[in-house]
Amino acid sequence: MLHTPPARSLALRPATGTGIDTDTVDLTVVVPAYNEEHRLPRTLDAICRYLRSSPGRHAEWELIVVDDGSSDATAAVVRDAAVTEPRIRLLAPPPTSAGRARNHGKGHALRLGVLASRGRRVLLTDADLATPIEELPALHDRLDAGFAAAIGSRAHPDALIEVDQHPLRRLAGRAGNRVIRAVVLPGVGDTQCGFKLFDGDRARAAFGRSRLDGWGIDVEILRAFRRADWPVAEVPVRWAHQAGSKIRPLDYGRVLLELLRLWRRGVRERLRAGDMAVLLGYLLLSVLLYKGLWADVGHRYLVDSGQDQNQWEWFFAVTADKIFGGSGLGDPFFTELQNTPLGVNLMANTAMLGLGVPLAPVTALFGPGATWALVLTCGLAGTAGAWYWLLRKRFVRARRAAALGGALCAFAPPMVSHANAHPNFAVLFMMPLIIDRLLRLCAGARVRRDGVVLGLFLTYQVFLGEEALLLAAVGLVLFAVGYTAVRPAEARAVVRPLARGLAFAAAVCVPLLAYPLLWQFFGAQSYHSVLHGPVGNSPRAFWEFAGRSLAGHEDTADALAINRTEQNAFFGWPLLALTAAVVVWLWRDPRVRALGWVAFAASVLSLGRTIPVPWTGIVLPGPWRALADQPLFESVIESRVAMAAVPALGILLALACDQLCALAREPGTLARQPGAGAPGTGKAGEPGGIDRALRIAGWAAVTAALLPLAPTPFTTADRVPVPSFVADGIWRAHVPKGHSLVPVPLPSPGNAEPLHWQTAAGLGFPLPGGYFNGPGGPDRRGIYGPQYRYTSALLEEVHRTGRVPHIGQKQRRAVRADLEFWRAGAVVLAPQPGDEALRVTLERLLGWQGEWIGGVWVWEVHGGT
């Protein structure tokens, strides 16, 4: 890491309140020591001889040894050396109440030494002098060039390692340094080399604010210098491992804990009070939306989710069972608990393992209903917070602008619609992180590191939702096309670093995702596409309001969408009008033109293969037909492509609000637009000038566009009680181990309540049928739910019509074959509309009357007999 030195030095006063003599010297050398009686004599002699031999550079110097609670003769050695060289000083922390010295750690010792120093420059060196004192001139040269600090580096290509460490210690050190670079201090090759030279005033300021007492002090100080924008240079040094190192295996764990403390402190520092208020506002809004779920977690159901809540809770329960319940002994991406004995391919379904796995303890302790509520609530708030972070970092200055843009990105009508039942489309907190990493790659500064991180981000997003990632990729490609058309030279300049970074990302993704994706597309119960038919948005859906919006009407929205979880547009005409006005107003900003193109193109694609012109009867061909039959896109519900317009609208809103805030910061002057020419001017002294009028009109337009879209709380209802036959464990006496429980009618996408039974029973029995995606025939074409067998189709027909069919020997044999295939232990009929016809049909099919047990009719079949 090499920073450009500052144009002028930044003078700081020496630290006060330390009780030291403020007369300065040219150099202070600080040596932390703990039980160093054998090595210190040689070290002190070498340092003193070198400093005496260079009076031109070190006319006045001091050597401070900090005895960090040694139990040997370390202090006596220093006192003896100070007799012949009075410039040697001994410092030691006060003894404990028991009279014994205490070892506080390297960080504590260095802090004492630096705060007691008087040098214009301060050198920190270890007691073993692994880097010889003769390497000091190279560090001085860097400070002479304007750097605030120069640190010895063993990782520099020009460093000379005379005696290397043990391979295990070297491996642990490199791994630890990778963690440091990834989590706390990116860009520094070697933070732990014990040979560092600092500007004295800045060192005393940084150490005075430090808090770590252990080995992590080096990282804390270097991070403080970086945050203060004090340039630091890494200098290659000569280094030799010395026997008797004080670092023990447990110290690596302590360093990791200190790094965690640093990371947490950094997060708190970055999240100022205003930022915290924004994030808490997002969380409060999300909690209000889901207040019905939280009123009685696990016993409330989102009405508009259809059967999806049962399905998602089942996914979370199965994930936790694979981790804690023992069912994970087989393949982690497959289970026979549903659709037995064929099973379900979890990778080929939206199991959302990226959250199901880390939240498995929550599921195991509090049930899948708690995980469901937590994922939805925190997921929406986290998505808003991630967009807020990206907007503040990359697009806008004003917190208010970023807050509104982040809110629209997460709580826009399409997002709220999917938040009823589809967390894989509503919980998108990784998307801003992925976009930020792509922008870093375009800058070309640390291509390899950013590419690797991008690969990890993409890998994780695959386990959150692949279709959402595909839609995000569509939006990014549209943005690239739009920006290239506006700024072709800039676009060409980023092609090379971006391509290199994507190659590194692929090198990370491919090995990590190879097995999961192979299982998804070629494993048991895999499929190659999902049949759903044409599901494009109606053009009217864009200017109408969603049923869950404050200004919306459920009947109007229901007529324009396939169901309430797929209201994928419904931005409302005020927001569309505001967006058009923003694009015209900020037209000179190339980002605005590209974002406007994304919103328009994604909306047109979402109309589907054909575009009906409202109120005319005219049908036009849609551009989606070019993608509809392509791999991956053939499974996409095309109306969802409109969701790619949501971030574009959110960013445009943030840019416009930022301009309004800039007008308030610069009264009398129209804000300069990014990428524009000379700013416009207004009459600063004229009351009610153009800037004030623009602010008033702008904020009024923003309010008119967003207020009608404000989401209303989701409707919830009490769950259907689980029959006591299941809830009380009575089923165990009737369903032998290895056999399935067969609910009537069988579980399907339209009736997934038996999945709730199964999770309530701790996944103790498998179920035939179910709600999942799987193959629908020998061509492996994807369908929703299981392939119907004779018995499931027959019972579904009886349930639908309420009529008892003719039952003969042929029907009985077919049913017996199906029960054998399902390894059925018991057939169960719960009270429901039309249950009398179902009961009579079962009695005729099975040949005997069922027993009323635990609130259900039960027929023990034990494999079909």
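Notes on the structure follow. (Residues numbered from 1 in each chain as written. Predicted model: local features only at pLDDT ≥ 70, side-chain atom pairs only at ≥ 80, totals over all residues. Heavy atoms only, no water.)

Here's the deal with the pattern of salt bridges
- Applying the stated rule across the entire model yields 39 salt bridges.
- Of the charged contacts, one joins glutamate 36 and arginine 39 as a salt bridge, the two residues approaching to 3.0 Å between their closest N and O atoms. Grouping residues by exposure puts glutamate 36 and arginine 39 together as buried.
- For the salt bridge of arginine 609 with aspartate 629, the shortest nitrogen-to-oxygen distance reads 3.0 Å. Note that arginine 609 is positioned in the loop between helix H25 (590-605) and strand S14 (610-612) and aspartate 629 in the loop between strand S15 (619-621) and helix H26 (645-665), a separation of 20 residues in sequence.
- The exposure class assigned to arginine 609 is partly exposed, which follows from its relative accessible area of 36%.
- One continuous salt-bridge network, built from bridges that share partners, spans Asp304, Arg548, Glu554, Asp558 and Arg564. (Salt bridge = Lys/Arg side-chain N within 4 Å of Asp/Glu carboxyl O. Buried < 20%, exposed > 50% of the residue type's maximum accessible area, 1.4 Å probe, protein only. Helix = DSSP H or I, 4+ residues; strand = E, 2+ residues; numbered from the N terminus.)

Some points on the sheet that holds strand S18 (residues 773-775)
- The sheet built from three strands is open, its strands ordered S13-S19-S18 with mixed pairing. Pairing within the sheet leaves two strands with one partner each, and these edge strands are strand S13 (529-530) and S18.
- Strand direction decides the pairing type here: S18 and strand S19 (residues 781-784), joined by three bridges, are antiparallel. In the strand pairing of S19, asparagine 773 is matched with tyrosine 784. (Pairing = 2+ DSSP bridges.)

Section: the sheet that holds strand S20 (residues 824-829)
- Ordered in space as S17-S20-S22-S21, the four strands form an open sheet in which the pairing is mixed. The open sheet is flanked by strand S17 (740-744) and strand S21 (851-853), the only strands paired with a single partner. Going from strand to strand, the sheet's axes swing by 35° on average, the running direction of each strand aside.
- As defined by bridge partners, S20 adjoins strand S22 (residues 856-860) across four bridges and the pair is classed as antiparallel. Paired with valine 828 across the bridge in S22 is valine 858. (Axes fitted to C-alpha atoms, helices over the stretch in contact; angles between N-to-C directions.)

Looking at the state of the cysteines
- Applying the stated criterion to the full structure yields zero disulfides.
- Left unpaired, cysteine 657 is separated from the closest cysteine sulfur, that of cysteine 661, by 6.7 Å. (Disulfide = S-S within 2.5 Å.)

Overview of the nonpolar core
- Within the largest apolar cluster, 145 residues are counted, with the highest numbers of intra-cluster contacts made by Tyr290, Phe725 and Leu741.
- With residues near it in sequence (within four places) discarded, phenylalanine 725 still touches Ile730, Trp731, His734, Leu741, Val828, Ile853, Gly854, Val856 and Val858.
- In this structure, Leu44, Leu123, Ala130 and Leu139 belong to the second largest nonpolar core, which totals 33 residues. (Core = buried A, V, L, I, M, F, W, Y, C linked by side-chain atoms within 4.5 Å. Contact = heavy atoms within 4.5 Å.)

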